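Secondary and tertiary structure notes
As a plain string of letters, each chain reads:
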Amino acid sequence: MATLNFAKVSLLACPRCHSPLKFQNFTLFDMSTHKGLKKILSKIFYARPSLSLNIAAKKNYSHLCKLLESKVQSIGLVIGCGEGGSGIENLLRTHGLRLVFSDVRWTSGINILCDGHQLPFCNESFDLVVIQGVLEHVFDYVRVADEVTRVLKDDGLIYCEFPFLQPNHGGAFDFTRLTYMGHRRLWRHFEQIDAGACGGPGMALAHMTKAFMRSLFRWKLWQKMADFITDWTLWWLKCLDLKIAKTPAGLDSASGYYFIGRKVAYDLSDDELTKFYRGAQ
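Our subject in this report is the structure included herewith. (Residues numbered from 1 in each chain as written. Predicted model: local features only at pLDDT ≥ 70, side-chain atom pairs only at ≥ 80, totals over all residues. Heavy atoms only, no water.)

1. Describing the pairing of strand E4 (residues 97–103)
Among the 7 residues in E4, 6 count as buried, and that is most of the element. Examined bridge by bridge, strand E3 (residues 74–79) and E4 share 6 bridges and lie parallel to one another. Opposite Val78, over in E4, you have Phe101 as the bridge partner. Examined bridge by bridge, E4 and strand E5 (residues 112–113) share 2 bridges and lie parallel to one another. In the strand pairing of E5, Asp103 is matched with Leu113. (Buried < 20%, exposed > 50% of the residue type's maximum accessible area, 1.4 Å probe, protein only. Helix = DSSP H or I, 4+ residues; strand = E, 2+ residues; numbered from the N terminus. Pairing = 2+ DSSP bridges.)

In structure tokens form, the structure reads like this:
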């Protein structure tokens, strides 16, 4: 655990007018020391294989680490981190990088409670913003993307993951899905460094089959039985994604997509946008 004096770097600001705040000291937590006891107990209790596999996060975070190596000191913002995203432990080991973890609900690794629609930070405060599996749960994902752009420094980096072929996984707070091209257009003011599938068609098929099985009957007992059956019989489909998600047809039918971009003086037109399509259609 370490304390960072944000007054020296003028990070915190009013979320409405973006004026800098005078009180700017708060504590940063080292996520690498968080044991996640609740997660461990939950896994022991349920003891079922997962249908999900993020095939790109570990590689992408390593890529971000290399992109940040040229900076002696850098600061990043993780939006909607919860208990920490898949693969983020690689980012925690980056020399000279300090991370601010934010969310709308309190967990042990959170530094600041805030809403992505109105980030309480000054313009051009961060060298990196990570938003992994969050934008589908916000009311206005375009507004959040605009806020991310505002708080990023010129030449700053964005890492975003967004679902495509996934059933509802947030109840009343699951609003949006984007295709590969829709995700690229969202970050059209960024230069693309890399983009692709973070979850493939195998993962998509497994989760859609589970949703289908759950829909057959309304009984609560059946819901649990359907989960048990699909988890144990279809877990292997996600392993196929390591190969098929990289194909053009696999990209078209992915469970979700990632985007790594750099904030520069860039405005991708819709005519130019179509050139980024890499699918099979």
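2. Structural notes on helix H7 (residues 220–234)
Compared with the 21 Å implied by 1.5 Å per residue over 15 residues, the 21 Å span of H7 between its first and last C-alpha is a close match. Residues of H7 that are buried make contact with helix H6 (201–215) and helix H8 (237–244). (Expected span 1.5 Å × (residues − 1). Contact = heavy atoms within 4.5 Å.)

3. So, empty space enclosed by the protein
The tally for this structure, following the rule as stated, stands at 1 cavity of 30 Å³ or more. Approximately 30 Å³ is the volume attributed to the largest cavity. (1 Å grid on protein atoms, 1.4 Å probe; cavity = no way out; pocket = protein on both sides within 12 Å on 5 of 7 lines; lining within 4 Å. Points joined across faces, edges and corners; volume = space filled by probe spheres on them.)

4. Observations regarding the environment of Asn111
Its location among the elements puts Asn111 in the loop between E4 and E5. Along the primary structure Asn111 and Val100 are separated by 11 residues, whereas in three dimensions their C-alpha atoms are 6.2 Å apart. There is a polar contact of 2.7 Å between the side chain of Asn111 and the backbone nitrogen of Phe101. (Polar contact = N/O pair within 3.5 Å; in protein donor to acceptor, adjacent residues only side chain to side chain.)

5. What to know about the sheet that holds strand E8 (residues 190–199)
Sheet strands pair via backbone hydrogen bonds, and the direction of the pair is either parallel or antiparallel. Judged by pairing direction, the sheet is mixed, and its 7 strands sit side by side in the order E5-E4-E3-E6-E7-E9-E8 without closing on themselves. Each having just a single partner strand, E5 and E8 make up the two edges of the open sheet. Direction of pairing for strand E6 (residues 126–132) relative to strand E7 (residues 152–163): parallel, over a ladder of 6 bridges. Each bridged residue has a counterpart across the sheet, and for Val129 the counterpart in E7 is Ile158. Packed onto the sheet, helix H2 (residues 57–68) meets E3, E4, E6, E7, E8 and strand E9 (256–263) and runs at close to 180 degrees relative to E7. (Axes fitted to C-alpha atoms, helices over the stretch in contact; angles between N-to-C directions.)

6. Concerning the packing of aromatic side chains
Two descriptors summarise a pair of aromatic rings, namely the distance from one centre to the other and the angle between the planes of the rings. Counting across every chain of the model gives 12 aromatic pairs. Their ring planes at 85 degrees and their centres at 6.4 Å tell us that Phe173 and Phe175 sit as a pair that is edge-to-face. One aromatic cluster is present, built from ring pairs that chain together Phe139, Phe173 and Phe175. Positioned above the aromatic ring of Phe276 is the side chain of Arg184, whose terminal nitrogen or guanidinium carbon lies 4.6 Å from the ring centre. (Phe/Tyr/Trp six-rings, centres within 6.5 Å; stacked < 30°, edge-to-face > 60°. Lys NZ or Arg CZ within 6 Å of the ring centre and 35° of its normal.)

7. Remarks on the pattern of salt bridges
Across all of its chains, the model carries 10 salt bridges by this definition. The salt bridge partner of Lys153 is Asp127, with a shortest N-O separation of 3.4 Å. Note that Lys153 is positioned in strand E7 and Asp127 in strand E6, a separation of 26 residues in sequence. Relative accessible area serves as the criterion here: at 29%, Lys153 is assigned to the partly exposed category. With a relative accessible area of 4%, Asp127 lands in the buried category. (Salt bridge = Lys/Arg side-chain N within 4 Å of Asp/Glu carboxyl O.)

8. Re the packing of H6 against H7
Between H6 and H7, the least distance of the axes is 9 Å, while the angle of their chain directions is 150 degrees. Comparing the axis directions of H6 and H7 gives the class roughly antiparallel. Between H6 and H7 the crossing geometry is right-handed. Together, Ala206, Thr209, Lys210, Met213 and Arg214 of H6 and Trp222, Gln223, Ala226, Asp227, Ile229, Thr230, Asp231 and Leu234 of H7 make up the contact between the two elements. Here the contact of H6 with H7 is composed, by residue class, of 6 nonpolar, 3 polar and 4 charged. (Parallel < 35°, antiparallel > 145°, perpendicular 65-115°, else oblique. Left-handed = near helix turned anticlockwise from the far one by under 90°. Nonpolar A, V, L, I, M, F, W, Y, C, P; charged D, E, K, R; others polar.)

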